[in-house]
Amino acid sequence: MLAFEQIVMCIAGTFLVTAGIVLLRPDLFARSIQTLIVCFGLYLLGGICGAVAAPVQVTRHKVLELLQVKE
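Just so it is clear, the structure is predicted and the values come from calculations on it, not from any experiment.

Engineer: An account of helix 3 (residues 33-59) is requested, with residue identities and associated values reported.
Structural biologist: An α-helical turn contains 3.6 residues, so any two residues separated by three or four positions project in the same direction. End to end, helix 3 covers 39 Å across 27 residues, agreeing with the expected 39 Å (1.5 Å per residue, within 8%). Looking only at helix 3, the buried set comprises Leu36, Phe40, Gly47 and Ala51.

Engineer: Tell me about the pattern of salt bridges, and please be specific about residues and values.
Structural biologist: Applying the stated rule across the entire model yields two salt bridges. The partner of Asp27 in a salt bridge is Arg25, with the nearest N and O atoms 3.7 Å apart. Taking the relative accessible area as the measure of exposure, Asp27 reaches 41% and is therefore partly exposed. Exposure remark for Arg25: the relative accessible area of 42% places this residue in the partly exposed category. With a closest N to O distance of 3.9 Å, Asp27 and Arg31 form a salt bridge. Here the residue Asp27 and the residue Arg31 both occupy positions in helix 2 (residues 26-31), the gap between them amounting to four residues, near one helical turn. Connected via shared salt-bridge partners are Arg25, Asp27 and Arg31.

Engineer: Quick one: what's the story with a nonpolar patch on the surface, residue by residue and with numbers?
Structural biologist: Taken together, the side chains of Val38, Leu42 and Leu45 make up a nonpolar region of the molecular surface, amounting to roughly 300 Å² of accessible area. Take Leu42: it is sitting in helix 3. The class of Leu42 is exposed, set by a relative accessible area of 55%.

Engineer: Requested: an account of the confidence of the model for the protein chain, with residues and values cited.
Structural biologist: On average, residues of the protein chain score 80 in pLDDT, and 83% of them reach the 70 mark or higher. Mean pLDDT per element in the protein chain: helix 4 (residues 63-67) is the minimum at 66, and helix 2 is the maximum at 84.

Engineer: Requested: an account of the side chain of Thr14, with residues and values cited.
Structural biologist: Within the secondary structure, Thr14 is located in helix 1 (residues 2-24). Relative accessible area serves as the criterion here: at 15%, Thr14 is assigned to the buried category. Residues within four places of Thr14 in sequence aside, it is in contact with Phe40 and Tyr43.

Engineer: Before we move on, could you go through the side chain of Ser32 and cite the residues and values that matter?
Structural biologist: Examined against the element boundaries, Ser32 turns out to sit in the loop between helix 2 and helix 3. Classification of Ser32 as buried rests on a relative accessible area of 17%. A distance of 2.7 Å separates a polar atom in the side chain of Ser32 from the backbone oxygen of Leu28.

Conventions adopted
- Residues numbered from 1 in each chain as written.
- Predicted model: local features only at pLDDT ≥ 70, side-chain atom pairs only at ≥ 80, totals over all residues.
- Heavy atoms only, no water.
- Helix = DSSP H or I, 4+ residues; strand = E, 2+ residues; numbered from the N terminus.
- Expected span 1.5 Å × (residues − 1).
- Buried < 20%, exposed > 50% of the residue type's maximum accessible area, 1.4 Å probe, protein only.
- Salt bridge = Lys/Arg side-chain N within 4 Å of Asp/Glu carboxyl O.
- Patch = residues over 30% accessible without salt bridge, like charges linked within 9 Å, V, L, I, M, F, W, Y side chains within 5 Å.
- Areas by Shrake-Rupley, 256 points an atom, 1.4 Å probe, with all protein chains shown as cover.
- pLDDT = per-residue confidence, 0-100.
- Contact = heavy atoms within 4.5 Å.
- Polar contact = N/O pair within 3.5 Å; in protein donor to acceptor, adjacent residues only side chain to side chain.

Here you go:
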């Protein structure tokens, strides 16, 4: 469930940035479409890896261990 939220936020951010570039500088968008695709792909891949890594690390611990505060 947490991974899904992160992936949706990455995709939404990608669409918002793309829409902003298209509205503000259409010529810049046309010149840099390949760079944008690579950057957005890496951004999405990083978001997915982070969203998957966090639950994996959390689920390796017992629930009571996560709730205890260590000083």
